[in-house]
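Coordinate analysis (summary)
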Amino acid sequence: MTSFLSAWNDFWFRPRASHSLAIIRIATGMMLAYIHLIWLLRIEDFFGKESLVSNELSRRLHSNDFVWTYFWNIESMGLLLTHQFVAILVSLCVAIGLLTRCMVPLAWFMTLMVCHRMTGFLFGLDQVAMWLIMYLVLAPSGGLWSIDSKFSQNLGNRTTMNWVRWLFPSSNPSSMTTVATRLMQVHLCIVYLFGGLAKLRGEMWWDGSAMWFSAVAYEYQSLDFTWLGRWPIVAALATHLTVFWETFYCFLIWRPRLRPIMLGIALGVHGGIALFLGMITFGFMMIVANIAFVEPAWIERLCNFYSRGRQAK
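Please read these numbers as outputs of a predicted model, since none were measured by experiment.

Glancing now at the overall build of the protein. Regarding its fold elements, the protein presents 16 helices and 0 strands. The contacts of the protein with a sequence gap of at least 6 include a subset with a gap of at least 24, amounting to 78%. Of the accessible surface of the protein, which amounts to about 17,700 Å², a share of 67% is contributed by carbon and sulfur atoms. Averaging the coordinates of the 23 positive side-chain charges in the protein and doing the same for the 16 negative ones gives two points 15 Å apart.

Over its 18 residues, helix 14 (residues 259-276) extends 25 Å from the first C-alpha to the last, a length consistent with the 26 Å expected when each residue adds 1.5 Å. When we look at burial in helix 14, the residues that qualify are Arg 259, Met 262, Leu 263, Ala 266, Val 269, His 270, Gly 271, Gly 272, Ile 273 and Ala 274. Those residues of helix 14 that are buried are in contact with helix 10 (175-199), helix 13 (232-252) and helix 15 (280-290).

Once that is clear, we can look at the state of the cysteines. Within this structure, the stated rule accounts for 0 disulfides. Left without a disulfide partner, Cys 93 is nearest to the cysteine sulfur of Cys 102, which lies 11 Å away.

Attention shifts here to the packing of aromatic side chains. Within this structure, the stated rule accounts for 20 aromatic pairs. An angle of 50° between the planes, with centres 6.5 Å apart, marks the rings of Trp 108 and Phe 109 as tilted. Residue Trp 108 is classed as partly exposed on the basis of its relative accessible area of 26%. Overall, Phe 109 belongs to the partly exposed group, its relative accessible area being 31%. Across the ring face of Phe 11, the terminal group of Arg 182 is positioned such that the distance to the ring centre comes to 4.1 Å.

So, on to the packing of helix 5 (residues 77-96) against helix 6 (residues 100-117). Contact geometry for helix 5 and helix 6: axes closest at 9 Å, N-to-C directions at 140°. Accordingly, the angle class assigned to the pair helix 5 and helix 6 is oblique. The element helix 5 and its partner helix 6 pack so that their crossing is left-handed. Here His 83, Gln 84, Val 86, Ala 87, Val 90, Cys 93 and Val 94 of helix 5 lie close against helix 6, whose contacting residues are Thr 100, Met 103, Val 104, Leu 106, Ala 107, Met 110 and Val 114. Across the contact of helix 5 with helix 6, the residue classes break down as 11 nonpolar, 3 polar and no charged.

Before going further, it helps to spend a moment on the nonpolar core. Among the nonpolar cores identified, the biggest contains 65 residues, and Ile 24, Phe 47, Leu 132, Met 184 and Tyr 249 are the most heavily contacted of them. Contacts of Tyr 249, omitting those with residues within four sequence positions, involve Leu 188, Cys 189, Tyr 192, Met 262, Leu 263, Asn 290 and Phe 293.

What follows deals with the packing of helix 1 (residues 2-13) against helix 10. As a packed pair, helix 1 and helix 10 sit with axes 7 Å apart at the nearest point and diverge in direction by 95°. Comparing the axis directions of helix 1 and helix 10 gives the class roughly perpendicular. Contacts from Phe 11, Trp 12 and Phe 13 in helix 1 reach Ser 175, Thr 178, Val 179, Arg 182, Leu 183 and Val 186 in helix 10. Of the residues that constitute the contact of helix 1 with helix 10, the class distribution is 6 nonpolar, 2 polar and 1 charged.

Following the criterion strictly, the structure yields 7 salt bridges and no others. The residue Arg 16 makes a salt bridge to Glu 295 at a minimum N-O spacing of 3.9 Å. Here the residue Arg 16 occupies a position in the loop between helix 1 and helix 2 (19-41), and Glu 295 occupies one in the loop between helix 15 and helix 16 (296-312), the gap between them amounting to 279 residues. Arg 16 gets classed as buried once you look at its relative accessible area, which sits at 9%. A salt bridge links Glu 246 to Lys 199, with the nearest nitrogen and oxygen atoms 2.9 Å apart.

About the criteria used
- Residues numbered from 1 in each chain as written.
- Predicted model: local features only at pLDDT ≥ 70, side-chain atom pairs only at ≥ 80, totals over all residues.
- Heavy atoms only, no water.
- Helix = DSSP H or I, 4+ residues; strand = E, 2+ residues; numbered from the N terminus.
- Contact = heavy atoms within 4.5 Å.
- Areas by Shrake-Rupley, 256 points an atom, 1.4 Å probe, with all protein chains shown as cover.
- Lys, Arg positive; Asp, Glu negative; His and termini not counted.
- Charge placed at Lys NZ, Arg CZ, Asp CG, Glu CD.
- Expected span 1.5 Å × (residues − 1).
- Buried < 20%, exposed > 50% of the residue type's maximum accessible area, 1.4 Å probe, protein only.
- Disulfide = S-S within 2.5 Å.
- Phe/Tyr/Trp six-rings, centres within 6.5 Å; stacked < 30°, edge-to-face > 60°.
- Lys NZ or Arg CZ within 6 Å of the ring centre and 35° of its normal.
- Axes fitted to C-alpha atoms, helices over the stretch in contact; angles between N-to-C directions.
- Parallel < 35°, antiparallel > 145°, perpendicular 65-115°, else oblique.
- Left-handed = near helix turned anticlockwise from the far one by under 90°.
- Nonpolar A, V, L, I, M, F, W, Y, C, P; charged D, E, K, R; others polar.
- Core = buried A, V, L, I, M, F, W, Y, C linked by side-chain atoms within 4.5 Å.
- Salt bridge = Lys/Arg side-chain N within 4 Å of Asp/Glu carboxyl O.

Structure representation (structure tokens):
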């Protein structure tokens, strides 16, 4: 029991550097700014008085849920425009790492309010970005590659009030970084597990034709993959490899020797979704989510190698 508790404590609370979360913070902040910009460009259709889903209908769709959004009480187009402009600004602050202790939770809350209003228009991109920013709220993700880290370095060892130290986190390893990372990892495993189990209910994933029909579906087609019809075994192998990887990801990703393979397949699968099925933003954010499994030490070594290469030039 002592060994188990020690391992449990080490798994969840051993201080961890923030390199992985810093990359996730930058990518998620930029993606949230993009999402709010898209909503802004079609604000009349999404939020206006003549919107495709009215405030009343949105409220009725959530009548049995513990869901609330202040958008149900906003009809002024000026307020709606202001909200979206502020949300974009806040998201960009998250990306550049300015006042992340405040901007990250604010970005999460403002996006959540829009998502509750946007029932019927959301898809995987919005969900992935939302749970990533939710877990970033817990961690001092602004301690690295950010404006906050510059302020923290300028503070140095000077005696300052505790709230100032908290507002500008340092790059030192933190237990809360570990907690946020582990929650992202567990959440990602659950997403893949149920995604794989859902695929196993479909006949096309058993007979190996799912990849073929996905590649040639006109509504998703970015490149012409009809040539796969001459090589059915390629489509079948890709289909079975995908469903096996997705179903067993939650078990195999924790094995250090298998992790590079699982992450490499993730890059291939989601990169393929981005390039060949036209879902660039969703594929990109799923790759970003997988960065939670990349060890900070490896990213730090890669950055040091890059820096030495630039100095050599």
